[in-house]
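Working through the structure, step by step
If you want the building blocks of each chain, they are given just below.
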Amino acid sequence: MSKVIVVGGGAAGMMAAITAAQNGHQVTLLEKNEKLGKKLFITGKGRCNVTNAADMEVLFANVCTNEKFLYSAFYQYDNKAIMSFLEKAGCPLKIERGDRVFPVSDHSSDVIAAFQRELRKLNVNIMLNTEVKNILTEPMEQEYAGDNEESRSGRKGKEAGQRIRGVVLSDERTIHADACILCTGGLSYASTGSTGDGHHFAEESGHKVTECQPALVPLETSETWCRDLMGLSLKNVSLRMTNGKKELYSEFGEMLFTHFGVSGPLVLSASSFYKKPKNGEMKLYIDLKPALDAEQLDKRILRDFEESKNKQFKNALNGLFPTRLIPVMIQLSGIDPEKKVNEVTREERRSFGELIKNLPLTVTGTRPFAEAIITKGGVSVKDVNPSTMESKKVSGLYFAGELLDLDALTGGFNLQIAWSTGYLAGSSIK
């Protein structure tokens with residue numbers, strides 16, 4: 001039996017603690033907040049989209065960063081496993097549109113309560129309002145001191161040198177342990193305790209932390225007309241994001257205009273592919289009529305114009321767009337709003353059709369971490385064994401959840417990463 005410390009009482013942390021305890025270890029779960037699952041409580045707008053019930057290939061397809069690293073984690077603990085766990089723990093589930101899985105009650109608190117019951121049942125020592133200052137390591141035992149380079153490189157990929165001994169708390173108390181699992185989250189929703197502590201611990205112990213940025217977050221644009229459309233939601237549109245000629249993202253769905261730019265499901269997903277461009281501009285293109293190709297759209301415009309042939313251009317667009325969008329489309333079209341539609345030239349009409357299919361926006365950046373659902377970037381997976389979640393740098397140190405350089409699209413996929421990596425870390429401790 002090993003003494004195990006889990007730092008962070010979120011999704012990955014609770015799962016890691018339960019799994020380690022099930023394997024017979026003496027587990028202490030440290031959480032700096034006054035309660036467990038603080039971020040989990042607000043996920044899915046308080047309903048908690050616990051996972052996605054799709055096939056494994058869909059799970060991998062929705063991982064944006066380092067999906068191959070997750071092979072062992074996903075196959076050892078998949079979406080069916082977490083659903084079975086919660087059902088048995090007294091939290092019945094339901095599957096909704098897009099294979100999203102929620103508690104039947106629509107209350108995230110029921111998911112957290114299920115985990116708390118299991119933690120208590122397994123006698124996990126939960127210490128709330130307990131902040132970790134740093135992790136404690138020590139040199140490997142003397143028997144390794146004379147290892148040659150060849151034998152060192154063969155020891156499970158670890159670099160000779162350090163092993164975990166415990167943690168130091170903010171009040172300077174030390175808790176010793178044989179293994180430590182860091183599950184401190186990323187940088188999104190800092191109010192829930194995700195303040196980058198784990199990144200600091202990782203760097204201090206010799207691990208690389210990749211550049212972090214907000215993900216699943218609204219995007220800011222340079223176009224001022226977005227402000228005029230604030231609150232307008234567009235359904236059944238397509239959105240593309242490009243960096244120069246390179247297309248980074250393309251999807252069909254719903255989006256929303258805001259005072260700073262754009263938001264909504266399509267935009268949040270697109271943000272996961274955003275990178276500050278070194279050259280050129282990052283652009284978004286909205287296809288307002290994705291069901292029609294250019295030729296079909298031109299016929300549709302002609303038909304609308306024919307029905308309004310004695311009207312001015314500004315009064316002939318009610319059938320094409322929401323009312324609030326019409327002034328913007330007129331302005332961007334360059335067509336005189338007072339012009340009779342039967343005087344609009346073929347070139348003007350075709351150009352207008354092109355605008356409808358590719359309404360452009362220039363992305364200037366993302367909104368801050370405070371508005372992001374998750375963090376892109378984190379502890380480099382190159383420093384972590386994908387089969388165990390154990391550090392390659394420090395023996396007995398494990399990582400799980402959003403702390404790692406792993407992220408996925410919305411729909412329950414990020415929580416599945418937390419469950420799977422937390423389980424794998426907890427079950428790998430000997």
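What counts, and at which threshold
Residues numbered from 1 in each chain as written. Predicted model: local features only at pLDDT ≥ 70, side-chain atom pairs only at ≥ 80, totals over all residues. Heavy atoms only, no water. Helix = DSSP H or I, 4+ residues; strand = E, 2+ residues; numbered from the N terminus. Buried < 20%, exposed > 50% of the residue type's maximum accessible area, 1.4 Å probe, protein only. Contact = heavy atoms within 4.5 Å. Areas by Shrake-Rupley, 256 points an atom, 1.4 Å probe, with all protein chains shown as cover. Lys, Arg positive; Asp, Glu negative; His and termini not counted. Charge placed at Lys NZ, Arg CZ, Asp CG, Glu CD. pLDDT = per-residue confidence, 0-100. Pairing = 2+ DSSP bridges. Salt bridge = Lys/Arg side-chain N within 4 Å of Asp/Glu carboxyl O. Axes fitted to C-alpha atoms, helices over the stretch in contact; angles between N-to-C directions. Parallel < 35°, antiparallel > 145°, perpendicular 65-115°, else oblique. Left-handed = near helix turned anticlockwise from the far one by under 90°. Nonpolar A, V, L, I, M, F, W, Y, C, P; charged D, E, K, R; others polar.

The next point concerns the overall build of the chain. Each helix and strand counted, the chain has 14 helices and 22 strands in total. Expressed along its principal axes, the backbone C-alpha trace of the chain runs to roughly 90 × 50 × 40 Å. Relative to its full complement of 430 residues, the chain shows a buried share of 53%. Partitioning the intrachain contacts of the chain with sequence separation of at least 6 by distance along the chain shows that 74% fall at a separation of at least 24. When the accessible surface of the chain is summed, it comes to about 19600 Å², and 48% of that surface belongs to carbon and sulfur atoms. Between the centroid of the 54 positive side chains of the chain and the centroid of its 53 negative side chains there is a distance of 2 Å.

Chain-level statistics for the chain give a pLDDT mean of 93 and a share of 95% at 70 or above. Every residue in residues 142–159 scores below 50 in pLDDT, and together they form 14 contacts with partners more than four places removed in sequence or on other chains.

Another aspect to go through is the sheet that holds strand 6 (residues 100–103). Strand order in this open sheet of three strands is 3-6-5, and the pairing throughout is antiparallel. The sheet is open, and its two edges are formed by strand 3 (51–52) and strand 5 (93–95), each paired on a single side. When strand 5 meets strand 6, the two strands line up antiparallel, connected through three bridges. Pairing of K94 across the sheet is with F102, part of strand 6.

Summed over all chains, the structure comprises 25 salt bridges. The partner of E96 in a salt bridge is R47, and the shortest N-O contact between them spans 2.5 Å. With E96 in the loop between strand 5 and strand 6 and R47 in the loop between helix 2 (38–42) and strand 3, the pair connects residues that are 49 residues apart, well separated along the chain. Close ionic contact of K339 with E348 constitutes a salt bridge, the shortest N to O distance being 2.9 Å.

Here helix 11 (residues 294–307) crosses helix 13 (residues 346–357) at 120°, and the two axes come no closer than 10 Å. Compared by their axis directions, helix 11 and helix 13 come out oblique. The hand of the helix 11/helix 13 crossing is right-handed. Counting all contacts with helix 11, which are made through E295, L297, D298, I301, L302 and F305, the residues of helix 13 involved are R349, R350, F352, G353, I356 and K357. Of the residues that constitute the contact of helix 11 with helix 13, the class distribution is six nonpolar, one polar and five charged.

In space, the six strands of this closed barrel follow the order 13-16-15-14-17-18, with antiparallel pairing throughout. If you compare each strand with its neighbour and ignore which way they point, the axes differ by 45° on average. Here strand 13 (residues 219–221) runs beside strand 16 (residues 261–263); their pairing, made up of two bridges, is antiparallel. Residue E220 lies in a different strand from strand 16, and its bridge partner there is G261. Its contacts with the sheet put helix 13 on strand 17 (282–287) and strand 18 (359–366), and the angle it makes with strand 17 is roughly 110°.

With that out of the way, let us pick up the pairing of strand 17. Taken across its six residues, strand 17 has five buried, putting it largely inside the fold. The pairing of strand 14 (residues 233–243) with strand 17 spans six bridges and is antiparallel. Residue M241 lies in a different strand from strand 17, and its bridge partner there is L284. Taken together, the five bridges between strand 17 and strand 18 define a ladder with antiparallel strand orientation. By the bridge assignment for strand 18, K283 is matched with T362.

All right, on to the packing of helix 1 (residues 11–22) against helix 6 (residues 108–121) then. Geometry of a packed helix pair, given as the angle between the helix axes and the separation of the axes. Between helix 1 and helix 6, whose axes approach to 10 Å, the crossing angle comes to 30°. The angle between helix 1 and helix 6 places the two elements in the roughly parallel class. Read as a crossing pair, helix 1 and helix 6 show a hand that is left-handed. Here M14, M15, A17 and I18 of helix 1 lie close against helix 6, whose contacting residues are F115, E118 and L119. Grouping the amino acids of the contact of helix 1 with helix 6 by side-chain chemistry returns six nonpolar, no polar and one charged.

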